[in-house]
Amino acid sequence: MKSFLVFILLVLYSSSGAQSITWERTYDNNQSYFTDYARAICESDSGNYFIAGSSLISIPTNHYQIWLIKINPYGDTLFTRLVGLQGSTTRAAVSDSKGGCVIAGYSDQSFTTCIDKFGNVVWERSYGGNSVQIHEIIRTRDGGYIACGSISLQHGYLLKIDSVGSLEWQRVYTSSIDKVFLDIAEVGNEFLAVGYDGQASLDTNKVTLTRIDLNGTIISERHFTVSGRHSVGFKILYDHNDLIIGGSTTDENITREQVFIARIDTAANVLFEKIFD
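Every chain's residues receive numbers from 1 upward, in the order its sequence appears when written. Only residues with pLDDT of at least 70 get local features here, since the model is predicted, and only at 80 or more are side-chain atom pairs given and counted; chain-wide, interface and lining totals rely on the full set of residues. To obtain the side-chain values, all non-hydrogen atoms of the structure were included, while hydrogens and water were left out.

## Brief notes about the pattern of salt bridges
Line of reasoning, step 1. By definition, a salt bridge exists where a carboxyl oxygen of Asp or Glu is found within 4 Å of a side-chain nitrogen of Lys or Arg. A complete count under the given rule lists 10 salt bridges for this structure.
Line of reasoning, step 2. Across the pair K160 and E168 runs a salt bridge whose closest N-O atoms are separated by 3.0 Å.
Line of reasoning, step 3. The partner of E190 in a salt bridge is R211, and the shortest N-O contact between them spans 2.7 Å. With E190 in strand 16 (residues 190-198) and R211 in strand 17 (residues 205-213), the pair connects residues that are 21 residues apart, well separated along the chain. The secondary structure listing takes helices from DSSP runs of H or I that are at least 4 residues long and strands from runs of E that are at least 2 residues long, numbered from the N terminus.

Okay, structure coming up:
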């Protein structure tokens, strides 16, 4: 059975504080008889957006390929594209400076693909490596990009490229148990990567905050938990000299996951935390 890609847009809170759905859409790739899914959305030109994901294509043999959808502000489809090499799995996307987007993911190695606002491939690059999983990519102040992820879900991974996708550096940050970078931010002259690190066993994962210089060298690394629980950091924002990290944590009985938000300083001291049921 084929599953469909569903995109829902929520509007801003009204004066009464209630939420309402402006529109919702289902997008179906007619060239795929199996699974379509979205991994990222980013702005394009004139208020339009790109949705980047993957489709499982059956011809000539089963393989994933990048599926790109461009929509207008009302969710109407402007065009769709299947791009990239066979076996390409989309994990993240970010706007470029010209109304296009840069897609990052993996096949048998990490890759990036730049698409212009018309859906044409501007460039695509592969960077080697085995069992690489990219989880996020951002545009950097120098006009290039940095992506974060992991190797075999065990070691942290960063990839720095210039504005046309040429490799500047890539680094692997080893761990004795497991280390994964799930998001990254550029703050001043350094990068801050957030994710998790299993320092002792798989039951004691902690949020890891890694400060990295512009050449990929670790400046410092801190770990913390939320209320002493197994914790994973998924997103990071820089706000008024502090960091806001969103992620998941388990309940006291380790039976279900809960969402958390934490405000921390750059030394990973928790200033505020809230867990949502």
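## Some points on the environment of D242
Line of reasoning, step 1. Within the secondary structure layout, D242 lies in strand 20 (residues 242-250).
Line of reasoning, step 2. Look at D242 and you get buried, because its relative accessible area is 18%.
Line of reasoning, step 3. Between the alpha carbons of D242 and I264 there is a distance of 5.9 Å; along the sequence they are 22 residues apart.
Line of reasoning, step 4. Two residues form a contact once any of their heavy atoms are found within 4.5 Å. With residues up to four places along the chain from it excluded, the contact list for D242 reads L237, R263, I264, D265 and L271. Categorising residues by exposure relies on relative accessible area from a 1.4 Å probe, with only protein chains included: less than 20% of the type maximum marks a residue as buried, more than 50% marks it as exposed, and the intermediate range marks it as partly exposed.

## Describing the nonpolar core
Line of reasoning, step 1. Definition of nonpolar core: a set of buried residues of the types Ala, Val, Leu, Ile, Met, Phe, Trp, Tyr and Cys, connected through side-chain atoms within 4.5 Å. One finds V102, I134, I137, Y145, Y157, L159 and I161 to be the most contacted residues of the largest nonpolar core, which totals 16 residues.
Line of reasoning, step 2. Among the secondary structure elements, those contributing two or more residues to this core are strand 7 (89-95), strand 8 (101-106), strand 11 (132-139), strand 12 (145-151) and strand 13 (155-161).
Line of reasoning, step 3. Counting residues in hydrophobic clusters, the runner-up holds 15 residues, among them L192, V194, F224 and F260.

## Details of the pairing of strand 20
Line of reasoning, step 1. Extensive coverage of strand 20 is indicated by the burial of eight of its nine residues.
Line of reasoning, step 2. Inspection of the sheet shows strand 19 (residues 231-239) paired to strand 20 by eight bridges, in the antiparallel sense. Counted as the bridge partner of I236 is I245 from strand 20. At least two bridges found by DSSP between two strands is the condition for calling them paired.

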